[in-house]
Amino acid sequence: MIPAIKRYKTLVVVALLLTGCGSQGTQTFTSPTARASSLPSSGPSASAAPPLTGAFGVVATSPATDNYTVSVIGVDGKVVGSAQASSPAQVTCAGGFPADVPLPVSTSNSRVYYMDAQGVVRFLTVQGETGRATTVPTGSGRRSTFAVSPDDQRIAVIVSDFNPSGAAQKLYVEDLNGGGNHLDIFTSSGASGLWPIGWHGNDNLVVALVPVCVGGGGGPQEFHVVDPASATRRFTIGSFSTCPIAGPPSRGGAVCENAAHTQANVINWSAVTIRSISLQGAAAAYISPDGNHVALVTGPGTAVEGYKTFGGLHVCGWIDDTHVMSAGQAN
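Owing to the predicted nature of the structure, the values given are computational and were not obtained by experimental measurement.

Each value, and the rule that gives it
Residues numbered from 1 in each chain as written. Predicted model: local features only at pLDDT ≥ 70, side-chain atom pairs only at ≥ 80, totals over all residues. Heavy atoms only, no water. Helix = DSSP H or I, 4+ residues; strand = E, 2+ residues; numbered from the N terminus. Buried < 20%, exposed > 50% of the residue type's maximum accessible area, 1.4 Å probe, protein only. Contact = heavy atoms within 4.5 Å. Areas by Shrake-Rupley, 256 points an atom, 1.4 Å probe, with all protein chains shown as cover. Disulfide = S-S within 2.5 Å. Pairing = 2+ DSSP bridges. Axes fitted to C-alpha atoms, helices over the stretch in contact; angles between N-to-C directions. Phe/Tyr/Trp six-rings, centres within 6.5 Å; stacked < 30°, edge-to-face > 60°.

**Student:** Describe the overall build of the protein chain, with residues and values.
**Tutor:** In terms of regular secondary structure, the protein chain is built from zero helices and 25 strands. Out of the 331 residues belonging to the protein chain, those deemed buried represent 57%. Of all intrachain contacts in the protein chain linking residues separated by at least 6 positions in sequence, the fraction that spans at least 24 positions is 48%. Of the roughly 12800 Å² that the protein chain leaves accessible, carbon and sulfur atoms contribute 51%.

Structure representation (structure tokens):
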């Protein structure tokens, strides 16, 4: 995974005006999130409210400092809600390398969820309302990562205890409110581990296969679609040996690149390759929510599949099918 948006506080929202795109409306986010997703509104109660018309992006600053900030961005580039939390403690693993962990942030159809240093998971709405959702395990050398289901009912948590060999991990799923219906569904140990990426609907959990230490390469290599009641794998997206994942996923699927970086494949959530894109070198790939366009980011700028190249623009996520977020101005 290449979660570039975590590094930027100020983003530029660009209207691409892609031909063939439908009108902007409520985006119901029912798949893994790339930290830039549709986010209809919710109140502060335990149950998600009916969604409002609109689409929003979610950005977070780096948790490498004492505190980090989570913000909700509208298609006009304005911040509509923001919250700050204490950053989870940094953890190390094999060889003293930093452990490779995702942002302590998740999204549902109605809220952003974010975790503090004590393992408290809170939520943020588009009205700027915040509240406490649940608590996940923390401790010396321990980090919990999580993904909340689209309907705000369930949470998947991976608890990682880092050690000189990598990490020992446990995956459990339980009710978001109250922790009922708890299921321990998977354990592993070694140099490779899992991240909880998100949910595809309420009945498919998506996890990423990753090297648990930064020295192992970093970032997701494959996405696994699994049963949230048993961890039985249903589909594998990408391949760590032949086509590693090249960027964050969306409702529309994911993108992987071959080892030579001459071809990228767009893959749906049933593990079917929809199309291939020719490359001229390694590129970070951001797929639109509808899956119809891929923004390929390199040093000089961003090439948006089916549209044009933007010099000096470095896309870091999509808000909807016609708007992207970027860390710089387009030429």
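Still to come is the rest of the account.
**Student:** I'd like a rundown of the state of the cysteines, residues and numbers included.
**Tutor:** Covalently bonding the sulfur atom of one cysteine to the sulfur atom of another cysteine gives a disulfide. Scanning the entire structure with this criterion turns up two disulfides. Paired by a disulfide, C93 and C213 hold their sulfur atoms 2.0 Å apart. In this pair, C93 sits in the loop between β4 (79–86) and β5 (105–107) while C213 sits in the loop between β14 (205–211) and β15 (222–226), placing the two residues 120 residues apart along the sequence. Taking relative accessible area as the criterion, C93 reaches 6% and is therefore assigned buried. Look at the protein chain and number its bonded cysteines as they come in the sequence; the links are 1-2, 3-4.

**Student:** Could you give me a rundown of the sheet that holds strand β17 (residues 254–257), with the residues and numbers involved?
**Tutor:** Backbone-to-backbone hydrogen bonds join strands into a sheet, with any given pair of strands oriented parallel or antiparallel. Strands sit in the order β17-β18-β19 across an open sheet of three strands; the sheet is antiparallel. A single partner strand is all that each edge strand has here, and the edge strands are β17 and β19 (273–278). Averaged over all neighbouring strand pairs, the angle between strand axes comes to 25 degrees, with direction disregarded. Here strand β18 (residues 263–267) runs beside β19; their pairing, made up of five bridges, is antiparallel. Bridging across to β19, N265 finds its partner in S276.

**Student:** Which residues make up the packing of aromatic side chains, and what values go with them?
**Tutor:** On inspection of all chains with the given rule, the structure shows three aromatic pairs. With a centroid separation of 6.4 Å and 65 degrees between ring planes, the pair formed by Y113 and F123 is classed as edge-to-face. With a gap of 10 residues between them, Y113 in strand β6 (residues 112–115) and F123 in strand β7 (residues 120–124) connect regions that are remote in the sequence. Judged by centre distance (6.2 Å) and plane angle (45 degrees), the ring pair of F223 and W269 falls under tilted. Here the residue F223 occupies a position in strand β15, and W269 occupies one in the loop between β18 and β19, the gap between them amounting to 46 residues.

**Student:** Go over the sheet that holds strand β12 (residues 183–190) with me, naming the residues and quoting the values.
**Tutor:** Strand order across the open sheet formed by four strands is β9-β10-β11-β12, with antiparallel pairing between neighbours. Edge positions in the sheet fall to β9 (142–148) and β12, since each of these pairs with one other strand and no more. Neighbouring strand axes in the sheet, compared pairwise and without regard to direction, differ in orientation by 15 degrees on average. Both strand β11 (residues 166–175) and β12 contribute to a ladder of seven bridges, which runs antiparallel. Considered in β12, the bridge of Y172 is made with D184.

**Student:** Pulling in residues and values, what's your account of the pairing of β6?
**Tutor:** On β6, burial covers both faces: V112 and Y114 on one face and Y113 and M115 on the other are all buried. Counting the residues in the hairpin turn of β5 and β6 gives four residues. Where β6 lies against β7, four bridges are found, and the strand directions are antiparallel. Across the sheet, V112 pairs through a bridge with L124, a residue of β7. Taken together, β6 and the strand that follows it, β7, pair antiparallel across an intervening segment of four residues, in which G119 is found at a positive phi of about 85 degrees.

**Student:** Can you lay out the pairing of strand β24 (residues 315–318) for me, pointing to particular residues and giving the numbers?
**Tutor:** By the bridge criterion, three bridges tie β24 to strand β25 (residues 323–326) in an arrangement that is antiparallel. Residue pairing across strands places W318 opposite V324, the latter belonging to β25. Here β24 folds back onto β25 in antiparallel fashion, the turn holding four residues.

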